[in-house]
Amino acid sequence: MSAIIKLENVDLWYDKGKPTEVQALKNVSLEIEKGDYVAFFGPSGCGKTTILYALSGIDHLKNGNIFVNGTNIAGLSNTELAIFRQTNIGIIFQQFNILPSLTVLQNVALPMSFVGKNPEESEREARILLKRLNMDEYADRYQFELSGGQQQRVGIARALANNPQVIVADEPLGNLDSVNAKNVLEFLRELNEKDGKTIIMVTHEAWSLRDVKTIHYMKDGIVTGTKKQTSQHTKADAISAHLANELDPAKTEMALLKNELSARVLSNFLLRGYSMDEIRRFEFHLKERLKGKIKTDEFEEILDRPFKEGGVGLWKGKAKRLAQYVEGIVEKRHDIHAVYQIIEKYPELPIRDEVKQIRDWILLDYKGAVSHEQALSIDQAISDRMRNFISSGQFTQVLDMPERKHGVGLSFRTAERLSEKMETIMSGAETIAGPLASL
Ligand code: ADP
Ligand code: MG
């Protein structure tokens, strides 16, 4: 295989020299093979759109080189860039970018007229493209007469207008319901497999990576790692590893560290007021329990056993309560891992029941009342957190935000506490799957 796109030490700034200066790409070097299906994956603001625009010649880079089909586009004038884009790269935008004053057919034919095709020829080819996307009967309609899914299909037809070798798609599923999103994914795969197009997609949703062959992980303007996906199985692994480790390639160390960390935090939290020795001892056995090395009744017995005999020395009632609490965490981590696997395999499947169970657990010791609307908002936040659409900080914010701003409207302290609980079960979801799955 040969590289169709090559980035060499690319830097890109917005507002350079102003107080609002942002370096959106930092020394990015990579190659994209002809015929590959590539995704840039990472949290909002990490530079995904910028990298797409840079390699499409829309955003001007400040340092480095970008070769497309052997041409260094850093050296092209604006006019040359415009022509380059029309013939080499088809762009599918998240916001569809359809011209409202033109019909569907005219929108698709427009890029063809830019490269000098005559109107009859352009319209004939535009019709063929619309037919391929099952949109031929909408040829004479305007944007306002179309659903979101239909608009996206027009956007795709237009991207294909000049038969470019490379198709670039910026969050192509972002504004679509699950059925339409699935159709778009199917179509992208078809373009890659049957038409041999090189596809470059940007996404922050792990499930939309299912057909992708190469994933570039991004964080803060840096490409932090690259993974090749071969089978469905390794794809699911790659994605869950990524979700568990938040872009850190040192997978196992990170997972272990997190487990250690959450055990420490949890021990200090659960044994407030106890001596350091007792807390340390508790932490040790808690880790054993979380790793699945001891069972719950053994754990409870150790908590109750006198300190001198190697136990933690808690009184019976407390030992029982703590063991039960930890059991809840173990179970929820296990559930969450199972839900991850479902999301990865069947992204369209609703996970309402699973989310509701997590919500019930999180709210277990919350004394206030929760309205139906609040419950729905919490469920949305849990689902978004699990799919890594939002960070733990954003999760807290959503719970804390007033209801009129579509938040849940809880007090900040409650929001923080519930968020902590959510993180407790999220952080161990990966590592817990092995030994505990068989308990
Ligand atoms: P992503 O697509 O991953 O969400 P972007 O590429 O849009 O990220 O943005 C990367 C960074 O550059 C962000 O910090 C964003 O705020 C900033 N940025 C993006 N576009 C502009 C712009 N036109 N002007 C100033 N800053 C921008
Ligand atoms: Mg973006």
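Please read all numbers here as calculations on a predicted model, not as lab measurements.

Peer 1: Hey, could you run me through the pairing of strand 4 (residues 63-68) in this one?
Peer 2: Looking along a regular strand, one sees the side chains alternate between the two faces of the sheet. The sheet contact formed by strand 1 (residues 3-14) and strand 4 spans 5 bridges and is antiparallel. The residue of strand 4 that forms the bridge with leucine 7 is isoleucine 66. Direction of pairing for strand 4 relative to strand 5 (residues 71-72): antiparallel, over a ladder of 2 bridges. Among the inter-strand pairings, valine 68 is bridged to a residue of strand 5, identified as threonine 71. Joining the antiparallel neighbours strand 4 and strand 5 is a turn of 2 residues, in which asparagine 69 adopts a positive phi near 50 degrees.

Peer 1: Explain the site of ligand 1 to me, please; I cannot follow it from the model alone.
Peer 2: In the region of ligand 1, the neighbouring residues are Tyr14, Asp15, Val22, Ala24, Pro43, Ser44, Gly45, Cys46, Gly47, Lys48, Thr49 and Thr50. Interatomic distance of 2.5 Å between a side-chain N/O atom of threonine 50 and an oxygen atom of ligand 1. Calculation on ligand 1 without its partners gives an accessible area of 560 Å², and the protein chains cover 61% of this total. Residue assignment for the shell around ligand 1 shows that the elements contributing at least two residues are strand 2 (22-33) and helix 1 (48-55). Among the elements that make up the shell around ligand 1, the one with the highest residue count is helix 1 (3 residues).

Peer 1: Where do I start with the confidence of the model for the protein in this structure?
Peer 2: Note that predicted coordinates carrying low pLDDT should not be read in detail. Taken as a whole, the protein shows an average pLDDT of 83; of its residues, 87% reach a score of 70 or greater. Below a pLDDT of 50 lies the segment residues 233-257, which in the model reaches 41 contacts outside its immediate sequence neighbourhood of four places, other chains included. Within the model, pLDDT remains below 50 along residues 430-439, and this stretch shows 20 contacts once partners closer than five positions in the same chain are excluded.

Peer 1: Can you help me understand the sheet that holds strand 1 in this one?
Peer 2: Strands pair in a sheet through their backbones, by hydrogen bonds, and they do so in one of two ways: parallel or antiparallel. Across the sheet, which stays open at both edges, the 4 strands sit in the order 2-1-4-5 with antiparallel pairing between neighbours. Strands at the two margins of the open sheet, each flanked by one partner only, are strand 2 and strand 5. As defined by bridge partners, strand 1 adjoins strand 2 across 8 bridges and the pair is classed as antiparallel. Paired with alanine 3 across the two strands is glutamate 33, which belongs to strand 2.

Peer 1: Looking at this model, I keep getting lost on the sheet that holds strand 10 (residues 222-228). Mind explaining?
Peer 2: With respect to topology, 6 strands assemble into an open sheet ordered 6-7-8-3-9-10, the strand pairing being mixed. Of all the strands in the sheet, just strand 6 (89-92) and strand 10 have a single pairing partner and so form its edges. Across the sheet, the mean angle separating the axes of adjacent strands is 15 degrees when strand polarity is ignored. One ladder, built from 5 bridges, connects strand 7 (residues 166-170) with strand 8 (residues 198-203); its direction is parallel.

Peer 1: Please explain the environment of arginine 132 as it appears in this structure.
Peer 2: Residue placement: arginine 132 occurs in helix 4 (residues 119-132). It is 9.8 Å that separates the C-alpha atoms of arginine 132 and arginine 153, two residues lying 21 residues apart in sequence. In this structure, arginine 132 is in contact with Phe187, Glu190, Leu191 and Asp195, ignoring residues within four places of it in sequence. Reaching out from arginine 132, the side chain makes a polar contact with the side chain of glutamate 190 at a distance of 2.9 Å. Separated by 2.7 Å, the side chains of arginine 132 and aspartate 195 make a polar contact.

Peer 1: How do you make sense of the packing of helix 9 (residues 276-290) against helix 10 (residues 296-304) when you look at a structure like this?
Peer 2: Helix-helix packing is described using two parameters, namely the angle between the two axes and the distance between the axes. Taken N-terminus to C-terminus, the directions of helix 9 and helix 10 make an angle of 175 degrees; their axes are 10 Å apart at the nearest point. Of the possible angle classes, the one that applies to helix 9 and helix 10 is roughly antiparallel. Packed against helix 9, whose contacting residues are Phe282, His285, Leu286 and Arg289, the element helix 10 presents Thr296, Phe299, Ile302 and Leu303 at the interface.

Cut-offs and rules
- Residues numbered from 1 in each chain as written.
- Chains lettered and ligands numbered in written order.
- Predicted model: local features only at pLDDT ≥ 70, side-chain atom pairs only at ≥ 80, totals over all residues.
- Heavy atoms only, no water.
- Pairing = 2+ DSSP bridges.
- Helix = DSSP H or I, 4+ residues; strand = E, 2+ residues; numbered from the N terminus.
- Near = heavy atom within 4 Å.
- Polar contact = N/O pair within 3.5 Å; in protein donor to acceptor, adjacent residues only side chain to side chain.
- Areas by Shrake-Rupley, 256 points an atom, 1.4 Å probe, with all protein chains shown as cover.
- pLDDT = per-residue confidence, 0-100.
- Contact = heavy atoms within 4.5 Å.
- Axes fitted to C-alpha atoms, helices over the stretch in contact; angles between N-to-C directions.
- Parallel < 35°, antiparallel > 145°, perpendicular 65-115°, else oblique.

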